[in-house]
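# A closer look at the structure
Here's the letter readout for the chains.
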Amino acid sequence: MIEWSDTHRSIRDMVRRFVEAEIKPKVTELEHGDLPPYDILRKMFATFGMRDMGEIRAAKAQARAEKRAAARARGEDLQQEERTESGDQVAMQMLPIIELSRFCPGMVTALGVSVGLTANTIMSRGTPRQIERWAKDLLTLDKIGAWAITEPGSGSDAFGSMKATARRAEGGYRLNGNKTFITNGPYADTIVFICKLDEDNDPKDRKVLSFVLERGEKGLVQSKPLKKMGMHSSPTGELFLEDVFVPNDRLLGETEEISYRSGAKDTFTAERTGVVAMALGIIEQCLQLSVEYAKTRVQFGRPIGDFQLIQLKLAKMEVARMNVQNLVFRIIELSTEGKRMPLAEASGCKLYCAQSAMEVALEAVQLFGGNGYMAEFQVEQLARDAKVLQIYGGTDEIQISQIARSLLAG
Amino acid sequence: MKILVALKRVADPDNANKVKIPGSGDRVDTTGLEWKPNPFDEYALEAALRLTENGQQPKTRAGEVVVVTFGPKETETTLRAALATGADKAIRVDATDDQLDGDLVARALKTLVEREKPDLVVMGKQAVDGDSNQVGQILAELLDWPQATFAATIEEEAAGSVLVGREVDGGVAKLRVKLPAVVTVDLRIVAGASVYSTKTARTFKYNEGVRFAALPAIMAAKKKPLTEVKLAELAADTKLKVTYAKFQAPPARKAGIKVKDVAELVDKLQKEAKVL
């Protein structure tokens, strides 16, 4: 794949029309006010048939889980079959991400955590019953999901310093712990809570388990949205659990034998490739706004685009756009060929794209001068939003160490 | 009901200020302009889709919509987009704009109508590039079909007719046209309560505007039938009746002047502008 196909362009135009009509007029409330993104996302899902696609995905996941369960009952260990999506399916996911990210990258985060991280975790680890109970409503956006791993004292070293615990109790478990920086935390209906099984053993030997919590659970407090630098259209919060009792059927997989650590790689790869599409949206928008500004802003009697220092900025932005777009094409092309991107490569993509988006957005602010520093001109918001791409889904530093580890292995 | 919708691709009307006329004055230079479907034709397609469904269950199609465009290969994108929103098949008549005029398009459409045998032809009242506003009327005349132009509302009636509302000074004129017929539409046709098939309850309100295509439908549109027809197959005589002698940009607006006071203004209006 060397360029978008006509079909891809049709999808892009259709989504762009929706963004212009439904999101652009509300950017101020979403990014500078307190409007949660969920109703607009639901409208988008209904408009583009994504709700129906979600139902189909849930049904397929349930069928797969039933096959897995049947195999286990026969004593076979059925490896989770490789699920690869076609290139067009991947493109169909990426194009809305790119278009949304031009105005509200936070909406992509809120959406991705709910239908991506949370639903995917339930689908890959849950029993057929659990998938039916929770995943379907998440995939249709009828319910909003949150995925709770990070804690005040554990970020990059998520499992190592994790303090949240589950202790066995009569008929279930008692859960305790604090989670923070949880996307959708304030509004989530369904929460995947990741913690360690406390058997009075050394914390580093403890199993990592995941549970599903529902809004309103006794002992569960969901904080108000936290104030943050950017991504204001993605509500982020804290979760406090004090002796929350959950029955056994809340344990994902309904067995303690599936450790959460295994298979986390797939989650990381999906998250990282999503960031590539977000970066492209931010870069495309910054570049487009900058080109228009360079043509129309007049200083010293001519458009600032006549000045070579401005031209240099535009050229560098364009090169970043070309590179990031090519990585998007590569991710789509790999799927077309039925291949998966190795984790180290996904790390490399995420690192490069997050840094590029940040650089481009800051250059756009500079190019706009005083106007760039003002909220009215949008590049200010995109610059604040871009910063988190270097932090969440694995910091730049973590990506670097994973790339290096893969190079030095063997 | 089977409906034929004529769609034209035009240079994006929002970029009209980028239109250039070369020094020779023999044409309009469209290089670098973005292409879009003519908005009135998009409204025509929306009206046709509303007439071939129950508005509450738009996924179940109740009728057939055929879209046709006259244009080069690139215009197939416009047709695919129409297929994605719900049209059943598409026809591209291979031609470029300079080979066409309203009369020739209407004559070629007549042959297509005879082949496809639709119950209704719906099209925009005019294309926003040439603004000729001719094709619908000429086509109805050539077919000897009834016509209703500038439609703001269309209601399908059980007795094989449509009731078309036309906004006129001081009210709405209603025309009952027997099918088959030609209807050209105005922009009000995409309001929430403008178009009703016999299947759609009169209490149902559509979303204002042109519908969106679902993403899987955009993918599936690749597999819907799209055929190419040569212009000469449809019209034996392809000679144009309308020829353009010369193109000229409107003169640039001259700078205005500032007046000191009302007295000077009145003086200038009387003596120079001669309007008082």
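Chains are numbered independently. Their residues run from 1 in the order of the written sequence. Numbering of ligands from 1 and lettering of chains from A proceed in the order in which they are written. Local features in a predicted model are, by the rule used here, given only for residues with pLDDT of at least 70; side-chain atom pairs are given and counted only at 80 or more, and totals for whole chains, interfaces and linings are based on all residues. Calculated side-chain values reflect all of the structure's heavy atoms, with hydrogen atoms and water omitted.

What follows is about the overall build of chain A. Within chain A one finds twelve helices and nine strands. Here the C-alpha radius of gyration of chain A, 22 Å, is about what a compact globule of 410 residues would show, namely 22 Å. Relative to its 410 residues, chain A shows a buried fraction of 52%. Every residue pair with non-hydrogen atoms within 4.5 Å of one another is taken to be in contact. Counting contacts in chain A only where the partners sit at least 6 residues apart, residues at least 24 apart contribute 78% of the total. Per element, the accessible surface of chain A, about 18,800 Å² overall, is 53% carbon and sulfur. When charges are counted, Lys and Arg are positive and Asp and Glu negative, with His and the chain ends excluded. The location of each charge is read from NZ of Lys, CZ of Arg, CG of Asp or CD of Glu. Side-chain charges of chain A comprise 54 positive and 56 negative groups, with the mean position of each set lying 1 Å from the other. Numbered from the N terminus, helices here are DSSP runs of H or I no shorter than four residues, and strands are runs of E no shorter than two. All radius of gyration figures rest on C-alpha atoms, and the globule criterion is 2.2 Å times the number of residues raised to 0.38. The buried label goes to any residue with under 20% of its type's maximum accessible area, the exposed label to any with over 50%, and the partly exposed label to all in between, with areas taken from a 1.4 Å probe on protein chains only. Areas reported here follow the Shrake-Rupley algorithm with a probe of radius 1.4 Å; residue values treat only the protein chains shown as occluding.

The next subject is helix 7 (residues 128-139) of chain A. All names here are of chain A. Take the number of residues in a helix, subtract one, and multiply by 1.5 Å to get its expected span. The end-to-end C-alpha separation of helix 7 is 15 Å, in line with the 16 Å expected for twelve residues at 1.5 Å each. Regarding helix 7, the residues found buried are Pro128, Gln130, Ile131, Trp134, Ala135, Leu138 and Leu139. In an axial view of helix 7, the angular spread of the buried residues amounts to 150°, which keeps them on one side of the axis. Residues of helix 7 that are buried sit in contact with helix 3 (38-47), helix 4 (50-73), helix 6 (105-125), strand 1 (145-148), strand 4 (190-197) and strand 5 (208-214). Within two residues after helix 7, leucine 141 carries a phi angle of roughly 70°, on the positive side. Regarding the arc, it is the one traced by the directions from the helix axis to the C-beta atoms.

What follows deals with the packing of aromatic side chains. All names here are of chain A. Any Phe, Tyr or Trp ring, taking Trp's six-membered ring, that has another such ring centre within 6.5 Å forms a pair; planes under 30 degrees apart are called stacked, those over 60 apart edge-to-face, and the others tilted. Taken as a whole and assessed by the stated rule, the structure comprises 13 aromatic pairs over all chains. Pairing tyrosine 173 with phenylalanine 211 gives two aromatic rings, centres 5.0 Å apart and planes at 65°, and the pair type is edge-to-face. Of this pair, tyrosine 173 sits in strand 3 (residues 172-183) while phenylalanine 211 sits in strand 5, and the two are 38 residues apart along the sequence. Relative to phenylalanine 307, the ring of phenylalanine 300 has its centre 6.1 Å away and its plane inclined at 85°; by these criteria the two rings are edge-to-face. The exposed category is assigned to phenylalanine 300, whose relative accessible area is 78%.

This brings us to the interface of chain B and chain A. Across the boundary between the two partners, chain B contributes 13 residues, which contact 17 residues of chain A. When two parts are brought into contact, each loses some accessible area as probed by a 1.4 Å sphere; the total of that loss over both is the buried area. The junction of chain B with chain A conceals about 1,400 Å² of combined surface from both sides, 72% of it contributed by carbon and sulfur atoms. Area buried by chain B at its contact with chain A is led by Phe212(B), Leu215(B) and Met219(B), which between them contribute 50% of it. Only one rule defines a salt bridge in this text: a Lys or Arg side-chain nitrogen within 4 Å of an Asp or Glu carboxyl oxygen. Put simply, chain B and chain A have two salt bridges between them. Two residues, Asp52(A) and Lys59(B), come together in a salt bridge whose shortest N-O distance is 2.6 Å. Nitrogen and oxygen atoms within 3.5 Å of one another constitute a polar contact, given that in protein one can donate a hydrogen and the other can accept it, and given that sequence-neighbouring residues count only through two side-chain atoms. Applying the counting criterion to the chain B and chain A interface returns five residue pairs in polar contact (both at pLDDT 80 or more). Listing elements by their share of the side of chain B that touches chain A, those giving two or more residues are helix 2 (76-85) and helix 5 (215-220) of chain B. The element contributing the most residues to the side of chain B that touches chain A is helix 5 of chain B, with four residues. Residues were grouped as follows: Ala, Val, Leu, Ile, Met, Phe, Trp, Tyr, Cys and Pro as nonpolar; Asp, Glu, Lys and Arg as charged; and all remaining residues, including Gly, as polar. When grouped by side-chain class, the residues that make up the side of chain B that touches chain A number eight nonpolar, two polar and three charged.

A separate point is the environment of Arg405(A). Residues and elements named next belong to chain A. Mapped onto the secondary structure, arginine 405 falls in helix 12 (residues 396-408). A relative accessible area of 56% places arginine 405 in the exposed class. In the structure, arginine 405 is positioned 61 residues away from alanine 344 in sequence and 8.5 Å away in space, judged by C-alpha atoms.

With that settled, the discussion passes to the state of the cysteines. Note on terminology: disulfide describes a covalent bond linking the sulfur atoms of two cysteines. All names here are of chain A. For this text, the term disulfide refers to a pair of cysteine sulfurs within 2.5 Å. Under the defined criterion, the tally for this structure stands at zero disulfides over all chains. Free of any disulfide, cysteine 104 has its nearest neighbouring cysteine sulfur in cysteine 286, separated by 13 Å. In this structure cysteine 104 comes out as buried when scored by relative accessible area, which is 0%. For cysteine 286, a relative accessible area of 0% corresponds to the buried category.

Further remarks concern the side chain of Arg211(B). Structurally, Arg211(B) is set in the loop between strand 11 (195-196) and helix 5. We classify Arg211(B) as buried; its relative accessible area is 17%.

Another point: the packing of helix 4 of chain A against helix 6 of chain A. Residue and element names in this part refer to chain A. It is at 9 Å that the axes of helix 4 and helix 6 come closest, and there the two elements cross at 30°. Our classification of the angle between helix 4 and helix 6 gives roughly parallel. Counted together, Arg57, Ala61 and Arg68 of helix 4 and Val115, Asn120, Met123 and Ser124 of helix 6 form the full contact between these two elements. Between N-to-C directions, angles cover 0 to 180 degrees, with each direction set by a line fitted to C-alpha atoms, over the stretch in contact for helices. Note on terminology: angles under 35 degrees are roughly parallel, angles over 145 are roughly antiparallel, angles of 65 to 115 are roughly perpendicular, and the others are oblique.

Opposite charge on two side chains permits them to pair, given that their charged atoms come into close proximity. Residues and elements named next belong to chain B. Taken as a whole, this structure holds 56 salt bridges over all chains when the rule is applied. The partner of arginine 211 in a salt bridge is glutamate 53, with the nearest N and O atoms 2.9 Å apart. Taken together, the residues span a long stretch of sequence, with arginine 211 in the loop between strand 11 and helix 5 and glutamate 53 in the loop between helix 1 (39-51) and strand 4 (64-71) at a distance of 158 residues. For the pair shown, arginine 211 and glutamate 53 are each scored as buried. Residue arginine 107 is joined to aspartate 103 by a salt bridge in which the shortest nitrogen-to-oxygen separation is 3.0 Å. A residue pair is termed a helical-turn pair when its members lie 3 or 4 positions apart in one helix, as arginine 107 and aspartate 103 do in helix 3 (residues 102-116) at four residues.

Looking now at the pairing of strand 6 (residues 120-124) of chain B. Residue and element names in this part refer to chain B. The element strand 6 is largely enclosed, with a buried count of five among its five residues. At least two DSSP bridges between two strands are required for those strands to pair. Where strand 1 (residues 2-6) lies against strand 6, four bridges are found, and the strand directions are parallel. Within strand 6, the residue paired with leucine 4 across the bridge is valine 121. Both strand 6 and strand 10 (residues 181-185) contribute to a ladder of five bridges, which runs parallel. The residue of strand 10 that forms the bridge with valine 122 is valine 183.

With that settled, consider the domain arrangement of chain A. All names here are of chain A. Domain delimitation follows an automatic or database domain assignment. Here the domain parsing of chain A yields domain 1 (6-143), domain 2 (147-254) and domain 3 (264-409). Here domain 1 and domain 2 have C-alpha centroids that lie 22 Å from each other. The partner domain 2 presents 21 residues to the 26 residues of domain 1 that form the contact. Roughly 2,200 Å² is buried in total at the junction of domain 1 and domain 2, and carbon and sulfur atoms are behind 56% of that figure. Contact with domain 2 buries surface across domain 1, with Tyr38, Gln130 and Trp134 losing the most and accounting together for 23% of the total. The shortest N-O distance in the salt bridge between aspartate 249 and arginine 133 comes to 3.5 Å.

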